[in-house]
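# Structural characterization, general
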There are 2 protein chains.
Amino acid sequence: MTVYIVYFEPVGRKGECRANQSLLDCAHRLGMGIASLCGGQGTCHSCKIQLLSGTVSAPTGNEREVFSSEELKDGWRLACQTYPASDCKLNVPSESMTTTQRTQVEGLEITVAPEPPVQAYHLKLAGPSLSNPQADAEHLLQELNHQHHLHCNRVDIDVMRLLSPQLRSWKWQCQTSVRDNEVIALGPWPSRQLGLAVDLGTTKIASYLIDLSDGRTLASKGDMNPQIRYGEDIISRISSAIKSPKKGVQLQQITVEALNQLVADLCADIHANTEEIVEAVVVGNTAMHHLFLGLPVRQLALSPFVPAVTSALDIKARDLGLHIAAGAYVHLLPNIAGFVGADHVAMLLATDAWQAEGITLALDIGTNTEVSLIAGGKITTVSCASGPAFEGYHIKHGMRAASGAIERVQLADDNIQYQTVDKAPPVGICGSGILDAIAQLYLAGVINEGGRMLQSHPRVRNGQKQREFVLIGDEERSGQPAIVITQQDVRELQLAKSAIRTGIQVLLDTGGYSEDEISQVAIAGAFGTYIDVSSAITTGMLPAIPLNRFQQVGNAAGMGAKMALISLSKRADGAAVASRVRYIELASAPDFTQTFVQAGYLGRYRIRHGNREKID
Amino acid sequence: MTVYIVYFEPVGRKGECRANQSLLDCAHRLGMGIASLCGGQGTCHSCKIQLLSGTVSAPTGNEREVFSSEELKDGWRLACQTYPASDCKLNVPSESMTTTQRTQVEGLEITVAPEPPVQAYHLKLAGPSLSNPQADAEHLLQELNHQHHLHCNRVDIDVMRLLSPQLRSWKWQCQTSVRDNEVIALGPWPSRQLGLAVDLGTTKIASYLIDLSDGRTLASKGDMNPQIRYGEDIISRISSAIKSPKKGVQLQQITVEALNQLVADLCADIHANTEEIVEAVVVGNTAMHHLFLGLPVRQLALSPFVPAVTSALDIKARDLGLHIAAGAYVHLLPNIAGFVGADHVAMLLATDAWQAEGITLALDIGTNTEVSLIAGGKITTVSCASGPAFEGYHIKHGMRAASGAIERVQLADDNIQYQTVDKAPPVGICGSGILDAIAQLYLAGVINEGGRMLQSHPRVRNGQKQREFVLIGDEERSGQPAIVITQQDVRELQLAKSAIRTGIQVLLDTGGYSEDEISQVAIAGAFGTYIDVSSAITTGMLPAIPLNRFQQVGNAAGMGAKMALISLSKRADGAAVASRVRYIELASAPDFTQTFVQAGYLGRYRIRHGNREKID
């Protein structure tokens, strides 16, 4: 019987599937929670999936009833009715999932004095009369300026399109939202003034609904970035957009659709109206920033890798297709360079690292990892291609931090202790679990400092092509295949962590500093939040300095977005940060290659100018 | 055999049609030039028409082949295959016409020094490099400011969306269009900087393509206002928009579609690209202004009749759906009041009447007639409901100034001499022809000063319900019915001209001036351009002052739009004019009713405070 490899997105779990096994069975065997109320009869229609690539069996009669021919053409199928005919990649929409992926929306709490870009004013108007037939817009502006001592001179065209009937229905009393001398929204009096902060990550989107008057977070919500359909990493999405302008437009549209859905969900949570959102701030890396704005990305991908724009922008929400208040703006923090975006500016803003005393490192770990060194008022930044291993890619049993992912591992003699997301039965292993496991294997002598797996442990066995360490045996998984760490998995982690450590060392070497001089390290990003820092030090991913100098700051980019949302001073700080950064192209640094090789080793060590020195 | 009345739009011609007579035959019998290449066989499909109201015969097989069921539902038919089943109203699209209607695009020549809102700059850039990987937008702004000593700080988002690939394809050389410190367009170097001026009339649209560097008119084009499908006059269109928000949106969309078509045609004429149009100015009466911008009109139609906005506006062309340069703006001159719009401001601007010495009258005659009295630096304005009689409506053989319309009439004893538009065989009679005819009949004593038609002339006969004067007898029309002026036609003209004369007299009475003190009268608008002023005086429409004090200024509103397009000073003047105007509600003026009654009389006379005094 032929066996195919099936990838389930967006969770990122892959596994084998026989040609006579339905995709639903395959998912369940892997521990993936796809809904199936009818038990695979094809009648409940709860196991909808979408074929992204590859070939599967022809649609059954049941499926032809459920889906239009258009939908079938788009790859929509029922998992219980469908069998693989090649290796294939599938999208499991969130409504078909029984469990949801952990998306990080928590982070530092804000302690910023609100100084919002949009101010609300209560207005009572007399209304026009035959003796004073003043036009509605002029009537409003005149009274607004008179009653509140302002100098407004513009009313947004979309506000103007609603103003006359609204003022009449509200009996000439309203709340007016003013931004930079422009009336950008009207509401009945009293209305809330809400703001939207978004961290648009390559894989995940985190969104927050904020009360602009006091900076409180009223609701928060995470979702997958739907662009993942067009490629897991930035480069493949940029390639899609370059190859086909239509795909570039689609990338923009699906992102905005996802944001509009998040906005609707956030508003539903607190019984708010989307028109109450009078300002938004969106941060993301430069590619996400460009794709969201519909800016060209070709020049980002080709030498000399320049953004279309770096400075901070204020763009009408309607020009992006975002449905919030009629005349609202979206503020974009400045980008730093082609591979260091506004999300890193937001992170520096949120951690206050950019104005820290002493020598500070700030890392945002992800598929792309940005590292900044702040010293003596100067900021130097590198971008490291750490790859998607921490998201579970290229790892045999890797997966994202969804339900059932092993996220913590401890090895005591032959015994393995582990912890899974949601305490669910183990399905695979996510980034922090892999890091823990490899640190533990190194400490136990199962792996040497070069990363070679030794046959010195009862749990090490020879797999089909390579050695592997059995984390959870088949006997513990009621007959399902064991979950293992392979020799190749160790190599993948070494590449990823070496990239990060190299970035840190190049920054230190360039500034002439040593590891020991670092007074604090701020680690942001979902992976960075959940890792065990001592495991990261044990693997040599992070320099071996006292643990109390590390701070795991959660979704700092999201926090920075919130700060820029509620405070004009913080926006000015953002511009100051971006202008102060010196960007270093990592590959062109002296000693880069030598440093990269040395940083691949496991263990605690110092590196200077490419020379490694072990620490006991 | 039943006989129905059929109205042909947009020409405005109506006639009788028997139930067994095709609409094509009816049109041809009336002299309307509907194309028919196959001679009514239903095979050439050139006689497409659209049923606007009423009932007609069911579609034939031929028609079902030509039109989709959607199109048939929208009333599309072939005139040669269709027979009336009730009175009905039809739209004859311009492509089905063999002749076109005269639309006035000529007017005063401009003598304004160009001072355009958009300036063009030539730029040569170095392009980014690995050692200077500056973002494209910042690179452009920096060099623009440096090379040309500017202070630009913004690039329009739609310009930014094109900038990176454009700069590369143009090898880093371009022309940059700057408006108020914002980059609103990019083009290859060298490009033209074009401007679009539009006079959006209730019935007709006049459009002009201008070279912004020197103010030259490069092309001009007129078309019917497609809103006419929703009603001939402003009030019926406002009613449509109030009754159904969907219709309001349609009114905006079809207007913008018509403008986009005119833009495409104008550009085709001079082999220009629509992206070369970097600024537009649109003027129209307040209702046209509001419908074009998608502003609400309900409050315009209900007491106290206030506009949504009166002040001058600058709106991104994309926010209106107008396809010109990526970041271009549309400038709207200020409105004065609910029934006096930006077109009157443009007219005052164009004639320079607003800063004339002596006592000046400025009239823009149309379905709605605006009259301003300028004296001692003050401007007083009224709006007169003159109605559509001058457009041929409510006149038995009335029509607009299309091919075959009788536009001049002379009566010498029993002989009629006449002139038609395009010197085509007579089809009906347009506004200037009616005015001439009634002046001549009054002078010949066929009509008395009260407007009563006397039986003292051989050409007067008793029609079915009333007396009528035979302008062209059946014997001269090879069997087709005679073209006549009826007693009712005289009454219609009296109402229309009385409204205008009343406006003039109320302004004079309010200011305390007499007719003789008027030093000049500027008459604008299509009808105003083609009328014989002495006929207008003879009928009492205009005061009896020496002919050399009158000036027929053509499409002055269009000229004013051109001026505001090329000169920022003229825009400032426009704002000054609007702010200086005192608007008088005509019906609330003392002596209004008495004046209106007296102004209905024919002949040369003075009126003061409602008392009429004949002049020999």
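Please read these numbers as outputs of a predicted model, since none were measured by experiment.

The rules we used
Residues numbered from 1 in each chain as written. Chains lettered and ligands numbered in written order. Predicted model: local features only at pLDDT ≥ 70, side-chain atom pairs only at ≥ 80, totals over all residues. pLDDT = per-residue confidence, 0-100. Contact = placed C-beta atoms within 7 Å. Helix = DSSP H or I, 4+ residues; strand = E, 2+ residues; numbered from the N terminus. Nonpolar A, V, L, I, M, F, W, Y, C, P; charged D, E, K, R; others polar. Pairing = 2+ DSSP bridges. Axes fitted to C-alpha atoms, helices over the stretch in contact; angles between N-to-C directions. Least-squares fit on C-alpha atoms with pLDDT ≥ 70 in both. Core = buried A, V, L, I, M, F, W, Y, C linked by C-beta atoms within 7 Å. Buried ≥ 20, exposed ≤ 12 C-beta atoms within 10 Å, placed from the backbone.

### Here's the deal with the confidence of the model for chain A
- On average, chain A scores 90 in pLDDT, and the residues at 70 or more come to 97%.
- Reported confidences for the modelled complex are a pTM of 0.83 and an ipTM of 0.82.

### Thoughts on the interface of chain A and chain B
- At the interface, 34 residues of chain A touch 34 residues of chain B.
- Elements with a contribution of two residues or more to the side of chain A that touches chain B: α4 (136-148), α5 (157-169) and α9 (298-301) of chain A.
- Here the residues of the side of chain A that touches chain B are counted per class, giving 20 nonpolar, nine polar and five charged.

### Description of the sheet that holds strand β25 (residues 518-524) of chain B
Residues and elements named next belong to chain B.
- If you walk across this open sheet you meet the six strands as β26-β25-β16-β17-β18-β27, and the pairing is mixed. Single-partner strands in this sheet number two, and they are β26 (550-554) and β27 (581-583). With strand direction ignored, the average angle separating the axes of adjacent strands in the sheet is 20 degrees.
- Bridge count between strand β18 (residues 378-384) and β27: three bridges; the pairing is parallel. From the neighbouring strand, T380 faces β27, where its bridge partner is R582.
- The sheet strands contacting helix α10 (residues 342-351) are β16 (359-364), β17 (369-375), β18, β25 and β26, and the helix crosses β16 at an angle near 135 degrees.

### A few points about the sheet that holds strand β16 (residues 359-364) of chain A
Residue and element names in this part refer to chain A.
- Read from one edge of the open sheet, six strands run β26-β25-β16-β17-β18-β27, paired in mixed fashion. The open sheet has two edge strands, β26 (550-554) and β27 (581-583), and neither has a second partner. With direction set aside, neighbouring strand axes in the sheet form an average angle of 20 degrees.
- Bridge count between β16 and strand β17 (residues 369-375): five bridges; the pairing is antiparallel. Looking across to β17, one finds that L363 is bridged to V371.
- Those strands touched by helix α10 (residues 342-351) are β16, β17, β18 (378-384), β25 (518-524) and β26, and its axis lies near 135 degrees from that of β16.

### Some points on the relation of the copies chain A and chain B
- You can overlay chain A on chain B at an RMSD of 0.1 Å; the transform is a turn of 180 degrees with a shift of 0.0 Å along its axis. Each copy turns onto its partner about a two-fold axis. Across chain A, the rotation axis passes nearest the C-alpha of D319(A), at a separation of 4.4 Å.
- Most of the interface of chain A is mirrored in chain B, where 100% of its interface residues again form contacts.

### A closer look at the nonpolar core
- Core analysis: the largest hydrophobic core is formed by 368 residues, its most contacted members being A280(A), A346(A), L471(A), A280(B) and A346(B).
- Residues contacting A280(A), with those up to four places away along its chain left out, are G195(A), L196(A), V198(A), A317(A), L322(A), I324(A), A328(A) and V330(A).

### As for unusual backbone geometry
- The residue after W189(A), namely P190(A), is reached through a cis peptide bond having omega -5 degrees.
- Following the sequence through the fold, P190(A) ends up in the loop between β9 (182-187) and β10 (194-200).
- Note that the residue after S303(B), namely P304(B), is joined by a cis bond; omega there is 5 degrees.
- Along the chain, the position of P304(B) falls in the loop between α9 (298-301) and β14 (313-316).
- Located in the positive-phi region is D591(A), a residue other than glycine, with phi close to 65 degrees.
- Take D591(A): it is sitting in the loop between β27 and α17 (592-598).
- At H271(B), a residue that is not glycine, the phi angle is positive and equals roughly 55 degrees.
- Take H271(B): it is sitting in the loop between α7 (245-269) and β13 (277-284).
- Take H271(B): there are 6 C-beta atoms within 10 Å of it, and that puts it in the exposed class.

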